[in-house]
Structures are given as structure tokens and as C-alpha cells.
Amino acid sequence: MAVIHHTPMKPTKLELIAEWLPTREWYARADARPEKAGGFRLDDPAGEVGIEFMAVTDGEGDETATYLVPMTYRSGPVEGAGNALIGTMEHSVLGKRWVHDGAHDPVLVAQLYALLTGRTQAQAQSLTDTPDPTVAVSPLEAGGAADVDLVRVTEGPDHTDVVVRTPGGAAPLTLRLQRVLRAGTDRAPGGADQGAGQVPGPVVGQVTGEWRLPDGTTTRGVYVVAFTDHG
């Protein structure tokens, strides 16, 4: 169980994200002024890594968009994932923390798989040991293994695909992180054109959640969709 420390951090998460977003190919603006709009946490069973899926809004008027930024917070860098480093911050309780794009962090990927297989629950962003009832999971029918191996990460125009392999020789599974969130796409899986958009294989599970729009209203949509290759 992760303990939430309500304490200052320098720089803040949003300051780090503002520097990092314009470096992403799925980000459409020259500069970023993100505002936190929603998201959830997952617990690391080992208690070493903080895991957060943050939704941020950015832009003005018709150009306003909401982006999904999964992050991990560690006491040191992820080995072999230097390109995934968002930045470092000073935490007044935990000390220096390395903040990574969670799509490249095997701990986040393992716990996302655990969420999709019903072995863990999404947690509230700002409360300790408090499930987030606004996060809905259409679970994988098969699987349930404790661990998965991260095979590769591929960036797309509005998403990031994380390919994993489960134990027992099963076919690879792709976890698509929907970087550009779309309102009104809260649909159960069941085909290749569900929720997060067209995917190149049958959808077998998904995670949906809420976020706030600039006008103060709340909407929801797909955060993550899991699919397999044809055949």
C-alpha cells in the first residue's frame, strides 16, 4: 500500500510535465501549460515505486485537449530506460525522486496487467488505501499470472503501445495507452473498433475513467485498451 504524502515537491509534477509534453510526437502544441484533470494510482506490492496515471488538460478553446501521462516515481533511474526519464524532483519526505514515463517502467506495466486481470484495484490519486470507484475495468478473460515481461514500447500518433508476454508461451498482448483522451468512449470491448479507436486486433479488455473538462463538467473515456494480434 502506497502512503500519500501531502508535501511540497520541487519542481512540481505539472512543471515536469510541461517541459516533457512538447517532446512527444502525440502532443500537438509548441508549448504546454497542463492542468491536472483526473486519473488514478496503482500500488506497487513491493512498496518501492509510486505509480500514477494522470490526465491533464492543455490548450484553449477548440484546441483544448486532454492527455494521459502515466508516471512512476523512484529512488533511482530505471535501468536501460534513460529515454523515458521525464525529470527529477526533490520530495521533502522521500528525497530525490526520478520520474519516468510509466509506459517504459516494468513495475507500472506489471501492475496495469494486474488491474486488467482483476488482481488489484485502482486507487484514488490523493488518498491512502482508498479505491477509486470511478475507474471501470473490463477484465481479461484469460491470464491472471503474477508477472508479465515487457517486450517493447511503440509510440503512435495518439497512443503508446506496450507489448507484453505472459508466462506459459501465450501470444503477445498489447496494452494501448490512449495518450489523447476522447470523451464519450466508455464502451465495453468486443471488436477491433472499440473505445480507444481502431486497433489491429481483437479487443480483450480495457480501463476507463473520468476527467474534468475546462468548463468544470466531468466526462469519461478509455484510458487503456488491451488487444491481441490477429490469428
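Residues numbered from 1 in each chain as written. Predicted model: local features only at pLDDT ≥ 70, side-chain atom pairs only at ≥ 80, totals over all residues. Heavy atoms only, no water.

> Explain the nonpolar core residue by residue, including any values.
Membership of the largest hydrophobic core comes to 31 residues, with the highest contact counts inside it found for F40, F53, L112, L175, V207 and Y223. Elements with a contribution of two residues or more to this core: strand 2 (35–42), strand 3 (50–58), helix 2 (106–116), strand 9 (159–165), strand 10 (173–178), strand 13 (203–212) and strand 14 (218–228). In this structure, I17, L21, M54 and V99 belong to the second largest nonpolar core, which totals 18 residues. (Core = buried A, V, L, I, M, F, W, Y, C linked by side-chain atoms within 4.5 Å. Buried < 20%, exposed > 50% of the residue type's maximum accessible area, 1.4 Å probe, protein only. Helix = DSSP H or I, 4+ residues; strand = E, 2+ residues; numbered from the N terminus.)

> Which residues make up the environment of D58, and what values go with them?
Inspection of the secondary structure assignment puts D58 in strand 3. It is 4.7 Å that separates the C-alpha atoms of D58 and P34, two residues lying 24 residues apart in sequence. Setting aside chain neighbours within four positions, we find D58 in contact with Y27, R29, D31, A32, R33, P34, E63, T64, A65 and Y67. In this structure the side chain of D58 is engaged in a polar contact, spanning 3.1 Å, whose partner is the side chain of R29. A distance of 2.6 Å separates a polar atom in the side chain of D58 from the backbone nitrogen of R33. (Contact = heavy atoms within 4.5 Å. Polar contact = N/O pair within 3.5 Å; in protein donor to acceptor, adjacent residues only side chain to side chain.)

> Requested: an account of the pattern of salt bridges, with residues and values cited.
Evaluation of the coordinates by the stated rule reveals ten salt bridges. With its nearest N and O atoms 3.5 Å apart, the salt bridge here joins R29 to E63. Note that R29 is positioned in the loop between helix 1 (13–20) and strand 2 and E63 in the loop between strand 3 and strand 4 (65–74), a separation of 34 residues in sequence. You can call R29 partly exposed: its relative accessible area is 27%. By relative accessible area, E63 is classed as exposed at 57%. Linking R176 and D161 is a salt bridge whose minimum nitrogen-to-oxygen distance equals 2.7 Å. Separated by 15 residues along the polypeptide, R176 in strand 10 and D161 in strand 9 bring together distant segments of the chain. The same class applies to R176 and to D161, which are both buried. (Salt bridge = Lys/Arg side-chain N within 4 Å of Asp/Glu carboxyl O.)

> Describe unusual backbone geometry, naming the residues involved and giving the relevant values.
Even without being glycine, D129 reaches a positive phi, approximately 50 degrees. Among the secondary structure elements, D129 is positioned in the loop between helix 2 and strand 7 (136–138).

> Could you give an account of the confidence of the model for the protein, naming the residues involved and the relevant values?
Across the protein, the average pLDDT comes to 86, with 86% of residues at or above 70. Taken element by element, the protein is modelled with least confidence in strand 11 (residues 193–194), mean pLDDT 42, and with most confidence in strand 2, mean pLDDT 97. Counting interchain partners and residues more than four positions distant, the pLDDT-below-50 stretch residues 188–196 has 27 contacts. (pLDDT = per-residue confidence, 0-100.)

> Tell me about the environment of A28, and please be specific about residues and values.
For A28, the location among the structural elements is in the loop between helix 1 and strand 2. Residues A28 and D158 lie 130 residues apart in sequence; the distance between their C-alpha atoms is 9.8 Å.

> Which residues make up the packing of aromatic side chains, and what values go with them?
One pass over the structure, following the stated rule, counts six aromatic pairs. Where W20 meets W26, the ring centres are 5.9 Å apart and the plane angle is 70 degrees; that geometry is what we call edge-to-face. Each member of the pair, W20 as well as W26, is classed as buried. Considering the side-chain rings of F40 and F53, the 4.8 Å spacing of their centres and the 10 degrees angle between planes classify their relative orientation as stacked. You can see F40 sitting in strand 2 and its partner F53 sitting in strand 3, a full 13 residues away along the chain. Among the aromatic residues, ring-to-ring pairing joins W20, W26, Y27 and Y67 into one connected group. (Phe/Tyr/Trp six-rings, centres within 6.5 Å; stacked < 30°, edge-to-face > 60°.)

> Go over the environment of D105, please, and point to the residues and values.
Of note, D105 is situated in the loop between strand 6 (95–101) and helix 2. The buried category is assigned to D105, whose relative accessible area is 0%. Along the chain, D105 and T72 lie 33 residues apart, while their C-alpha atoms are 7.3 Å from each other. In this structure D105 touches V49, T72, R74, V78 and L150, once residues within four positions along its chain are discounted. At 2.7 Å, the side chain of D105 and the side chain of T72 are in polar contact.

> So, the side chain of T219: which residues are in play, and what are the values?
Here T219 shows up in strand 14. Among residues more than four places away in sequence, those in contact with T219 are A183, G184, G209, E210, W211 and L213.

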